[in-house]
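Structure assessment
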Amino acid sequence: MVTPAPEGALCRDHPTVAAAWVCGRCGSFLCVTCERRTRPDAVPMCPACWDLRGRSVAPQTVSSGTGLQTAALVLGCIALLPVPVLQIISVVVNVVALVKAKHPPARNVRWRPITGLALTGVGLVITALVFSGAVFDS
Ligand SMILES: [Zn+2]
Ligand SMILES: [Zn+2]
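Moving on to the overall build of the protein chain. Looking only at helices and strands, the protein chain features four helices and three strands. Beginning at the N terminus, the succession of helices and strands in the protein chain can be written as β-β-β-α-α-α-α. Scaling as 2.2 N^0.38, a compact globule of 138 residues should have a C-alpha radius of gyration of about 14 Å, whereas the protein chain reaches 27 Å, well beyond that. The principal-axis extent of the C-alpha atoms belonging to the protein chain is close to 90 × 20 × 20 Å. A burial count over the protein chain gives 26% of its 138 residues as buried. Taking as baseline every contact in the protein chain between residues at least 6 positions apart, the subset at least 24 positions apart corresponds to 41%.

Written as structure tokens, this is what we have:
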């Protein structure tokens, strides 16, 4: 919603200049020099909110979040079951999750694929024991 500044309001950053708009995000007054818009008909924003917007938009396009790392950890837990197929899938997903975790926020949760790989290793030992036991029993 485009809100014109009330009569007599002054720009937050230029106390001698009359404000033209109310910032669409934080509600502070801004003059025409300060206004920032994504499109000519978009809601005007103050420079501070514009900077925040630029910063919050950029990381989202670079990183896909931490979903893959979380999935890798869950798979690592499931790979504790003595099913070789699960461990193969888990190793692949955990390695991919670890390789892709080069930038935040995924980098901050690198312990998830690392733990996932460790759990998968334990799962492989369990599988080996179960299968060797089955061979000895028969
Ligand atoms: Zn603002
Ligand atoms: Zn201004």
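According to the domain assignment, the protein chain consists of domain 1 (3-61) and domain 2 (67-137). Between domain 1 and domain 2, the C-alpha centre-to-centre distance is 49 Å.

Turning our eyes to something else, we now look at helix α2 (residues 67-78). In a regular helix each residue adds 1.5 Å, so twelve residues correspond to 16 Å; α2 covers 17 Å between its end C-alpha atoms and thus fits that length. Residues of α2 that are buried: L68, Q69, A72, L73, L75 and G76. Angularly, the buried residues of α2 cover 160° about the axis, an arc narrow enough to put them on a single face.

Here we take up the sheet that holds strand β2 (residues 21-22). Hydrogen bonds between backbone groups are what pair the strands of a sheet, and the pairing can be parallel or antiparallel. Taken in spatial order, the three strands make up an open sheet running β1-β2-β3, and their pairing is antiparallel. One side of each edge strand has no neighbouring strand; the edge strands of this open sheet are β1 (3-4) and β3 (29-30). In the sheet, β2 pairs with β3 via two bridges, with the strands oriented antiparallel. Within the sheet, the bridge partner assigned to V22 lies in β3 and is F29.

To continue, consider the packing of α2 against helix α3 (residues 84-100). The description of two packed helices rests on the angle between their axes and on the distance between the axes. At a closest axis distance of 9 Å, the pairing of α2 and α3 adopts a crossing angle of 155°. The angle between the axes of α2 and α3 places the two elements in the roughly antiparallel class. Seen from above, α2 lies across α3 with left-handed handedness. Contacts between α2 and α3 involve L68, Q69, A71, A72, L75, G76 and I78 on the former and, on the latter, L86, I89, S90, V93, N94, A97 and K100. Looking at the contact of α2 with α3, its residues break down into nine nonpolar, four polar and one charged.

As a further point, take the environment of I78. Residue placement: I78 occurs in helix α2. On the neighbour-count criterion, I78 (17 C-beta atoms within 10 Å) is partly exposed. Remark: the alpha-carbon pair of I78 and V2, spanning 76 residues in sequence, is separated by 52 Å.

Rules used throughout
Residues numbered from 1 in each chain as written. Chains lettered and ligands numbered in written order. Predicted model: local features only at pLDDT ≥ 70, side-chain atom pairs only at ≥ 80, totals over all residues. Helix = DSSP H or I, 4+ residues; strand = E, 2+ residues; numbered from the N terminus. Rg over C-alpha atoms; globule rule 2.2 N^0.38 Å. Buried ≥ 20, exposed ≤ 12 C-beta atoms within 10 Å, placed from the backbone. Contact = placed C-beta atoms within 7 Å. Domains from an automatic or database assignment. Expected span 1.5 Å × (residues − 1). Arc of directions from axis to C-beta. Pairing = 2+ DSSP bridges. Axes fitted to C-alpha atoms, helices over the stretch in contact; angles between N-to-C directions. Parallel < 35°, antiparallel > 145°, perpendicular 65-115°, else oblique. Left-handed = near helix turned anticlockwise from the far one by under 90°. Nonpolar A, V, L, I, M, F, W, Y, C, P; charged D, E, K, R; others polar.

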